[in-house]
Amino acid sequence: MTRSRTLDHPAAGLVVAVLSAATFGMSGTFARPLLSSGWSPGAAVAVRTAVAGAVLLPAATWSMRGRGRLLIRAWPRLLAFGIVGVAGAQLCYFAAVERLPVGIAILIEFLGPVLLVIATSAAHRAFPPRLTILGAAVAIGGLFLVLDLTGSSDLDPVGIAFALTAAVAVAGYFHLAGHVAADSLPPVALASGGLLTGAAILAVAGLVGILPFDATTADVDLFGTARAWWVPMAVIVLASTAFAYVTGILAATLLGARVASFVALLEVLFAVVAAWVLLDEVPTIIQGLGGALIVAGVALVRLEGTPADVPDPTSGDGGQDVLGDEPDVVEVGEVEHLQVAPLGPR
(Lines give C-alpha, C1' and ligand atoms only; values in the text may rest on other atoms or scores of the structure.)
Protein backbone atom coordinates (compact mmCIF):
# COMPACT_ATOMS: atom_id res chain seq x y z
CA MET A 1 0.00 0.00 0.00
CA THR A 2 1.32 3.40 -0.92
CA ARG A 3 -0.96 6.39 -0.94
CA SER A 4 -4.50 6.79 0.36
CA ARG A 5 -6.99 9.52 -0.25
CA THR A 6 -9.12 8.59 2.76
CA LEU A 7 -10.40 11.43 4.90
CA ASP A 8 -9.61 14.01 2.20
CA HIS A 9 -13.33 14.71 1.85
CA PRO A 10 -14.94 13.70 5.17
CA ALA A 11 -18.20 15.60 4.68
CA ALA A 12 -18.79 14.19 1.20
CA GLY A 13 -17.74 10.76 2.41
CA LEU A 14 -20.22 10.88 5.27
CA VAL A 15 -23.07 11.83 2.94
CA VAL A 16 -22.15 9.03 0.54
CA ALA A 17 -21.87 6.49 3.38
CA VAL A 18 -25.28 7.45 4.74
CA LEU A 19 -26.79 7.14 1.25
CA SER A 20 -25.26 3.68 0.93
CA ALA A 21 -26.65 2.58 4.29
CA ALA A 22 -30.08 4.02 3.49
CA THR A 23 -30.41 2.32 0.12
CA PHE A 24 -29.10 -1.00 1.40
CA GLY A 25 -31.66 -0.85 4.21
CA MET A 26 -34.58 -0.33 1.83
CA SER A 27 -34.40 -3.71 0.08
CA GLY A 28 -36.52 -5.64 2.57
CA THR A 29 -39.28 -3.03 2.61
CA PHE A 30 -39.56 -3.01 -1.18
CA ALA A 31 -39.25 -6.79 -1.39
CA ARG A 32 -42.29 -7.32 0.85
CA PRO A 33 -44.86 -6.15 -1.78
CA LEU A 34 -43.36 -8.50 -4.36
CA LEU A 35 -43.38 -11.44 -1.96
CA SER A 36 -46.94 -10.66 -0.91
CA SER A 37 -48.13 -10.55 -4.52
CA GLY A 38 -46.99 -14.08 -5.34
CA TRP A 39 -43.27 -13.83 -5.99
CA SER A 40 -41.23 -16.52 -4.27
CA PRO A 41 -37.99 -15.48 -2.51
CA GLY A 42 -36.00 -17.58 -4.98
CA ALA A 43 -37.44 -15.84 -8.04
CA ALA A 44 -37.13 -12.37 -6.49
CA VAL A 45 -33.49 -12.90 -5.52
CA ALA A 46 -32.66 -14.46 -8.90
CA VAL A 47 -34.01 -11.45 -10.82
CA ARG A 48 -32.37 -9.03 -8.39
CA THR A 49 -28.95 -10.62 -8.61
CA ALA A 50 -29.07 -11.25 -12.36
CA VAL A 51 -29.93 -7.64 -13.22
CA ALA A 52 -27.59 -6.16 -10.59
CA GLY A 53 -24.75 -8.36 -11.81
CA ALA A 54 -25.43 -7.19 -15.37
CA VAL A 55 -25.45 -3.54 -14.24
CA LEU A 56 -22.03 -4.02 -12.64
CA LEU A 57 -20.70 -6.03 -15.59
CA PRO A 58 -19.23 -3.08 -17.55
CA ALA A 59 -17.14 -1.99 -14.57
CA ALA A 60 -16.19 -5.61 -13.94
CA THR A 61 -15.12 -6.04 -17.56
CA TRP A 62 -12.99 -2.90 -17.36
CA SER A 63 -11.32 -4.15 -14.19
CA MET A 64 -10.44 -7.44 -15.89
CA ARG A 65 -8.79 -5.92 -18.95
CA GLY A 66 -5.72 -7.98 -19.79
CA ARG A 67 -6.38 -10.46 -16.98
CA GLY A 68 -9.00 -12.74 -18.45
CA ARG A 69 -7.10 -15.85 -17.38
CA LEU A 70 -7.90 -15.03 -13.76
CA LEU A 71 -11.47 -16.16 -14.40
CA ILE A 72 -10.27 -19.72 -14.97
CA ARG A 73 -8.51 -19.81 -11.60
CA ALA A 74 -11.32 -17.96 -9.84
CA TRP A 75 -14.27 -20.17 -10.74
CA PRO A 76 -14.30 -22.01 -7.36
CA ARG A 77 -14.40 -18.65 -5.59
CA LEU A 78 -17.19 -17.35 -7.81
CA LEU A 79 -19.15 -20.53 -7.15
CA ALA A 80 -18.63 -20.14 -3.39
CA PHE A 81 -19.74 -16.51 -3.46
CA GLY A 82 -22.76 -17.45 -5.54
CA ILE A 83 -23.79 -20.17 -3.10
CA VAL A 84 -22.97 -18.41 0.16
CA GLY A 85 -23.51 -14.74 -0.67
CA VAL A 86 -26.60 -15.15 -2.87
CA ALA A 87 -28.26 -18.51 -2.32
CA GLY A 88 -27.32 -18.45 1.36
CA ALA A 89 -27.59 -14.87 2.58
CA GLN A 90 -29.91 -13.05 0.19
CA LEU A 91 -32.30 -15.94 -0.32
CA CYS A 92 -32.61 -16.64 3.40
CA TYR A 93 -33.01 -12.93 4.16
CA PHE A 94 -35.85 -12.54 1.66
CA ALA A 95 -37.43 -15.75 2.99
CA ALA A 96 -37.22 -14.25 6.49
CA VAL A 97 -38.74 -10.96 5.30
CA GLU A 98 -41.63 -12.96 3.87
CA ARG A 99 -42.46 -14.26 7.36
CA LEU A 100 -41.10 -11.65 9.79
CA PRO A 101 -41.23 -7.88 10.19
CA VAL A 102 -38.43 -6.38 8.09
CA GLY A 103 -36.72 -4.76 11.08
CA ILE A 104 -36.64 -8.01 13.06
CA ALA A 105 -35.26 -9.97 10.09
CA ILE A 106 -32.39 -7.57 9.45
CA LEU A 107 -31.52 -7.28 13.15
CA ILE A 108 -31.18 -11.05 13.48
CA GLU A 109 -29.20 -11.28 10.25
CA PHE A 110 -26.93 -8.46 11.44
CA LEU A 111 -25.40 -10.88 13.95
CA GLY A 112 -23.26 -12.26 11.12
CA PRO A 113 -20.08 -10.29 12.01
CA VAL A 114 -20.37 -11.40 15.63
CA LEU A 115 -20.67 -15.04 14.57
CA LEU A 116 -17.68 -14.61 12.30
CA VAL A 117 -15.43 -13.29 15.07
CA ILE A 118 -16.50 -16.11 17.40
CA ALA A 119 -15.93 -18.77 14.72
CA THR A 120 -12.56 -17.31 13.70
CA SER A 121 -11.33 -17.18 17.28
CA ALA A 122 -12.46 -20.77 17.87
CA ALA A 123 -10.82 -21.99 14.65
CA HIS A 124 -7.50 -20.40 15.59
CA ARG A 125 -7.84 -21.36 19.26
CA ALA A 126 -7.25 -17.74 20.23
CA PHE A 127 -9.22 -16.18 23.07
CA PRO A 128 -10.97 -13.01 21.82
CA PRO A 129 -10.18 -9.65 23.45
CA ARG A 130 -12.45 -8.59 26.30
CA LEU A 131 -14.17 -5.91 24.22
CA THR A 132 -15.01 -8.50 21.57
CA ILE A 133 -16.45 -10.83 24.20
CA LEU A 134 -18.48 -7.96 25.62
CA GLY A 135 -19.75 -7.03 22.17
CA ALA A 136 -20.78 -10.61 21.39
CA ALA A 137 -22.56 -10.93 24.74
CA VAL A 138 -24.38 -7.63 24.25
CA ALA A 139 -25.45 -8.58 20.72
CA ILE A 140 -26.68 -12.03 21.75
CA GLY A 141 -28.55 -10.48 24.67
CA GLY A 142 -30.12 -8.07 22.20
CA LEU A 143 -31.20 -11.01 20.07
CA PHE A 144 -33.21 -12.47 22.95
CA LEU A 145 -34.92 -9.11 23.46
CA VAL A 146 -35.67 -8.79 19.73
CA LEU A 147 -37.27 -12.23 19.77
CA ASP A 148 -39.27 -11.09 22.83
CA LEU A 149 -39.72 -14.70 23.92
CA THR A 150 -41.63 -13.78 27.08
CA GLY A 151 -43.64 -10.95 25.55
CA SER A 152 -46.70 -10.60 23.36
CA SER A 153 -44.97 -10.81 19.98
CA ASP A 154 -45.80 -13.84 17.86
CA LEU A 155 -42.85 -14.32 15.55
CA ASP A 156 -42.86 -17.09 12.96
CA PRO A 157 -40.26 -19.71 14.04
CA VAL A 158 -39.56 -20.62 10.42
CA GLY A 159 -38.87 -16.96 9.69
CA ILE A 160 -36.51 -16.80 12.67
CA ALA A 161 -34.71 -19.89 11.38
CA PHE A 162 -34.30 -18.27 7.96
CA ALA A 163 -32.95 -15.06 9.54
CA LEU A 164 -30.45 -16.99 11.67
CA THR A 165 -29.38 -18.98 8.61
CA ALA A 166 -28.88 -15.69 6.79
CA ALA A 167 -26.65 -14.52 9.67
CA VAL A 168 -24.54 -17.67 9.38
CA ALA A 169 -24.31 -17.16 5.61
CA VAL A 170 -23.22 -13.54 6.15
CA ALA A 171 -20.45 -14.78 8.43
CA GLY A 172 -19.33 -17.21 5.74
CA TYR A 173 -19.57 -14.52 3.10
CA PHE A 174 -17.33 -12.12 5.02
CA HIS A 175 -14.87 -14.94 5.63
CA LEU A 176 -14.66 -15.51 1.87
CA ALA A 177 -14.40 -11.77 1.19
CA GLY A 178 -11.63 -11.38 3.74
CA HIS A 179 -9.19 -13.85 2.21
CA VAL A 180 -8.46 -12.56 -1.26
CA ALA A 181 -5.10 -13.51 -2.75
CA ALA A 182 -3.01 -10.93 -4.58
CA ASP A 183 -3.81 -12.56 -7.92
CA SER A 184 -7.53 -12.87 -7.23
CA LEU A 185 -10.31 -11.13 -9.13
CA PRO A 186 -10.76 -7.39 -8.58
CA PRO A 187 -13.57 -6.74 -6.06
CA VAL A 188 -16.05 -5.37 -8.61
CA ALA A 189 -15.43 -8.37 -10.89
CA LEU A 190 -15.88 -10.73 -7.96
CA ALA A 191 -19.14 -9.00 -7.06
CA SER A 192 -20.57 -9.02 -10.57
CA GLY A 193 -19.42 -12.58 -11.23
CA GLY A 194 -20.72 -13.80 -7.90
CA LEU A 195 -24.11 -12.16 -8.44
CA LEU A 196 -24.47 -13.65 -11.92
CA THR A 197 -23.28 -17.05 -10.70
CA GLY A 198 -25.75 -16.98 -7.82
CA ALA A 199 -28.57 -15.99 -10.16
CA ALA A 200 -27.72 -18.90 -12.46
CA ILE A 201 -27.66 -21.34 -9.53
CA LEU A 202 -31.06 -20.15 -8.32
CA ALA A 203 -32.51 -20.31 -11.85
CA VAL A 204 -31.32 -23.90 -12.33
CA ALA A 205 -32.63 -24.88 -8.89
CA GLY A 206 -35.99 -23.39 -9.81
CA LEU A 207 -36.13 -25.09 -13.21
CA VAL A 208 -35.45 -28.56 -11.80
CA GLY A 209 -37.97 -28.04 -9.00
CA ILE A 210 -35.58 -27.94 -6.05
CA LEU A 211 -36.51 -24.35 -5.21
CA PRO A 212 -39.97 -22.74 -5.42
CA PHE A 213 -39.67 -20.31 -8.32
CA ASP A 214 -42.85 -18.31 -8.70
CA ALA A 215 -43.18 -14.91 -10.34
CA THR A 216 -46.04 -12.81 -11.61
CA THR A 217 -46.41 -9.75 -13.82
CA ALA A 218 -49.54 -8.65 -11.99
CA ASP A 219 -49.58 -5.25 -10.32
CA VAL A 220 -48.42 -5.17 -6.70
CA ASP A 221 -49.78 -3.26 -3.75
CA LEU A 222 -46.93 -0.85 -3.16
CA PHE A 223 -47.72 0.81 0.17
CA GLY A 224 -51.41 1.18 -0.63
CA THR A 225 -51.07 2.01 -4.33
CA ALA A 226 -51.23 -0.39 -7.28
CA ARG A 227 -47.96 -0.36 -9.20
CA ALA A 228 -46.35 -2.53 -11.87
CA TRP A 229 -44.18 -5.34 -10.46
CA TRP A 230 -41.03 -3.84 -11.94
CA VAL A 231 -41.31 -0.66 -9.87
CA PRO A 232 -40.31 -2.21 -6.52
CA MET A 233 -37.91 -4.56 -8.34
CA ALA A 234 -36.20 -1.57 -9.97
CA VAL A 235 -35.73 0.04 -6.55
CA ILE A 236 -34.25 -3.18 -5.17
CA VAL A 237 -31.91 -3.73 -8.13
CA LEU A 238 -30.81 -0.20 -8.98
CA ALA A 239 -30.95 1.51 -5.59
CA SER A 240 -30.52 -1.23 -2.98
CA THR A 241 -27.93 -3.19 -4.93
CA ALA A 242 -26.06 -1.36 -7.70
CA PHE A 243 -26.22 2.19 -6.25
CA ALA A 244 -25.64 0.99 -2.69
CA TYR A 245 -22.65 -1.05 -3.84
CA VAL A 246 -20.98 1.83 -5.68
CA THR A 247 -21.60 4.33 -2.89
CA GLY A 248 -20.28 1.82 -0.36
CA ILE A 249 -17.02 1.62 -2.28
CA LEU A 250 -16.81 5.41 -2.59
CA ALA A 251 -17.55 5.89 1.12
CA ALA A 252 -14.75 3.51 2.07
CA THR A 253 -12.44 5.43 -0.26
CA LEU A 254 -13.33 8.85 1.18
CA LEU A 255 -13.67 7.97 4.85
CA GLY A 256 -11.48 4.93 5.35
CA ALA A 257 -12.64 1.43 6.20
CA ARG A 258 -13.20 1.84 9.94
CA VAL A 259 -15.30 5.01 9.77
CA ALA A 260 -17.29 3.76 6.78
CA SER A 261 -18.02 0.44 8.50
CA PHE A 262 -19.46 2.22 11.53
CA VAL A 263 -21.61 4.53 9.40
CA ALA A 264 -22.87 1.38 7.66
CA LEU A 265 -24.49 0.37 10.96
CA LEU A 266 -27.14 2.98 10.14
CA GLU A 267 -28.49 0.45 7.65
CA VAL A 268 -30.44 -1.21 10.46
CA LEU A 269 -31.96 2.12 11.51
CA PHE A 270 -33.02 2.92 7.95
CA ALA A 271 -34.51 -0.56 7.51
CA VAL A 272 -36.55 -0.27 10.72
CA VAL A 273 -37.73 3.27 9.96
CA ALA A 274 -38.65 2.40 6.36
CA ALA A 275 -40.67 -0.62 7.51
CA TRP A 276 -42.29 1.53 10.20
CA VAL A 277 -43.30 4.33 7.81
CA LEU A 278 -44.12 2.34 4.68
CA LEU A 279 -45.33 -1.00 6.07
CA ASP A 280 -46.63 0.15 9.46
CA GLU A 281 -44.40 -2.40 11.21
CA VAL A 282 -43.77 -0.90 14.62
CA PRO A 283 -41.36 -2.79 16.91
CA THR A 284 -42.22 -3.13 20.58
CA ILE A 285 -40.22 -1.21 23.16
CA ILE A 286 -38.44 -4.43 24.16
CA GLN A 287 -37.61 -5.23 20.55
CA GLY A 288 -36.35 -1.68 20.00
CA LEU A 289 -34.06 -2.03 23.02
CA GLY A 290 -32.87 -5.40 21.72
CA GLY A 291 -32.14 -3.88 18.33
CA ALA A 292 -30.08 -1.13 19.94
CA LEU A 293 -28.10 -3.77 21.86
CA ILE A 294 -27.41 -5.77 18.69
CA VAL A 295 -26.10 -2.69 16.90
CA ALA A 296 -24.04 -1.73 19.96
CA GLY A 297 -22.62 -5.24 20.21
CA VAL A 298 -21.64 -5.30 16.53
CA ALA A 299 -20.06 -1.86 16.97
CA LEU A 300 -17.99 -3.12 19.91
CA VAL A 301 -16.82 -6.12 17.91
CA ARG A 302 -15.81 -3.90 15.00
CA LEU A 303 -14.12 -1.43 17.33
CA GLU A 304 -11.93 -4.09 18.88
CA GLY A 305 -11.32 -6.20 15.78
CA THR A 306 -9.91 -9.69 16.08
CA PRO A 307 -7.07 -11.06 18.23
CA ALA A 308 -3.62 -9.86 17.18
CA ASP A 309 -2.45 -13.33 16.20
CA VAL A 310 -5.59 -14.15 14.24
CA PRO A 311 -5.94 -12.94 10.65
CA ASP A 312 -8.65 -10.28 10.41
CA PRO A 313 -11.61 -12.08 8.83
CA THR A 314 -12.99 -8.88 7.36
CA SER A 315 -9.83 -7.67 5.66
CA GLY A 316 -8.21 -8.89 2.49
CA ASP A 317 -4.53 -9.22 1.84
CA GLY A 318 -4.61 -8.39 -1.82
CA GLY A 319 -3.12 -5.31 -3.41
CA GLN A 320 -5.80 -4.15 -5.79
CA ASP A 321 -7.96 -1.09 -5.84
CA VAL A 322 -11.69 -1.11 -6.51
CA LEU A 323 -11.34 -1.66 -10.25
CA GLY A 324 -8.19 -3.71 -10.06
CA ASP A 325 -5.51 -1.14 -10.88
CA GLU A 326 -2.41 -0.37 -8.87
CA PRO A 327 -3.02 0.05 -5.13
CA ASP A 328 -2.44 3.78 -4.89
CA VAL A 329 -5.94 4.90 -4.04
CA VAL A 330 -7.74 2.50 -1.72
CA GLU A 331 -6.35 0.49 1.12
CA VAL A 332 -8.02 -2.65 -0.15
CA GLY A 333 -6.77 -4.81 2.68
CA GLU A 334 -9.05 -2.84 4.98
CA VAL A 335 -12.13 -2.37 2.80
CA GLU A 336 -12.45 -5.68 0.98
CA HIS A 337 -15.59 -6.58 2.89
CA LEU A 338 -17.19 -3.27 1.95
CA GLN A 339 -16.27 -3.51 -1.70
CA VAL A 340 -18.11 -6.78 -2.23
CA ALA A 341 -20.97 -6.01 0.12
CA PRO A 342 -23.80 -6.44 -2.45
CA LEU A 343 -23.14 -10.17 -2.46
CA GLY A 344 -24.25 -10.23 1.10
CA PRO A 345 -27.79 -9.88 2.41
CA ARG A 346 -30.35 -7.07 2.22
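Anything mentioned here points back to the structure above.
This is a predicted model, so every value here is computed, not measured. (Residues numbered from 1 in each chain as written. Predicted model: local features only at pLDDT ≥ 70, side-chain atom pairs only at ≥ 80, totals over all residues. Heavy atoms only, no water.)

Visitor: Sorry, what's going on with the nonpolar core here?
Guide: Taken as a class, soluble globular proteins show a tendency for nonpolar side chains to be buried jointly. In this structure, Y93, F94, L100, I108, L202 and I294 are the most contacted members of the largest nonpolar core, which totals 60 residues. Setting aside its immediate chain neighbours within four residues, L202 contacts G42, V45, A46, V86, A87, L91, L211 and F213. In terms of nonpolar packing, the next biggest core, distinct from the first, is built from 17 residues, A74, L78, V170 and L190 among them. (Core = buried A, V, L, I, M, F, W, Y, C linked by side-chain atoms within 4.5 Å. Buried < 20%, exposed > 50% of the residue type's maximum accessible area, 1.4 Å probe, protein only. Contact = heavy atoms within 4.5 Å.)

Visitor: Would you mind showing me how to read the pattern of salt bridges here?
Guide: Opposite charge on two side chains permits pairing when their charged atoms draw close. Under the definition given, this model contains two salt bridges. When the shortest N-O distance is used, the salt bridge between R32 and E281 registers 2.6 Å. Note that R32 is positioned in helix 2 (residues 27-36) and E281 in the loop between helix 12 (266-279) and helix 13 (285-304), a separation of 249 residues in sequence. A salt bridge links D156 to R99; the nearest nitrogen and oxygen atoms lie 3.2 Å apart. Taken together, the positions of D156 in the loop between helix 7 (130-147) and helix 8 (157-177) and R99 in helix 4 (residues 70-99) put the pair 57 residues apart, joining distant regions of the chain. D156 gets classed as partly exposed once you look at its relative accessible area, which sits at 23%. (Salt bridge = Lys/Arg side-chain N within 4 Å of Asp/Glu carboxyl O. Helix = DSSP H or I, 4+ residues; strand = E, 2+ residues; numbered from the N terminus.)

Visitor: Just checking my understanding: could you explain the packing of helix 5 (residues 102-109) against helix 7 for this structure?
Guide: When two helices pack together, their arrangement is captured by the angle between the axes and the distance separating the axes. Packing of helix 5 against helix 7 leaves a shortest axis separation of 10 Å and a crossing angle of 160°. Here helix 7 runs roughly antiparallel to helix 5, going by the angle between their axes. Every pair of crossing elements has a handedness; the one defined by helix 5 and helix 7 is left-handed. Here helix 5 contributes I104, L107 and I108 to the contact with helix 7, which in turn contributes L143, V146 and L147. (Axes fitted to C-alpha atoms, helices over the stretch in contact; angles between N-to-C directions. Parallel < 35°, antiparallel > 145°, perpendicular 65-115°, else oblique. Left-handed = near helix turned anticlockwise from the far one by under 90°.)

Visitor: What exactly am I supposed to notice about helix 2 here?
Guide: Count 3.6 residues to each turn of an α-helix, and residues three or four apart come out pointing the same way. Counting buried positions along helix 2 yields nine of 10 residues, so the element is predominantly enclosed. For helix 2, the set of buried residues is S27, G28, T29, F30, A31, R32, P33, L34 and L35. Immediately beyond the C-terminal end of helix 2, within one or two residues, lies G38, with a positive phi of roughly 125°.

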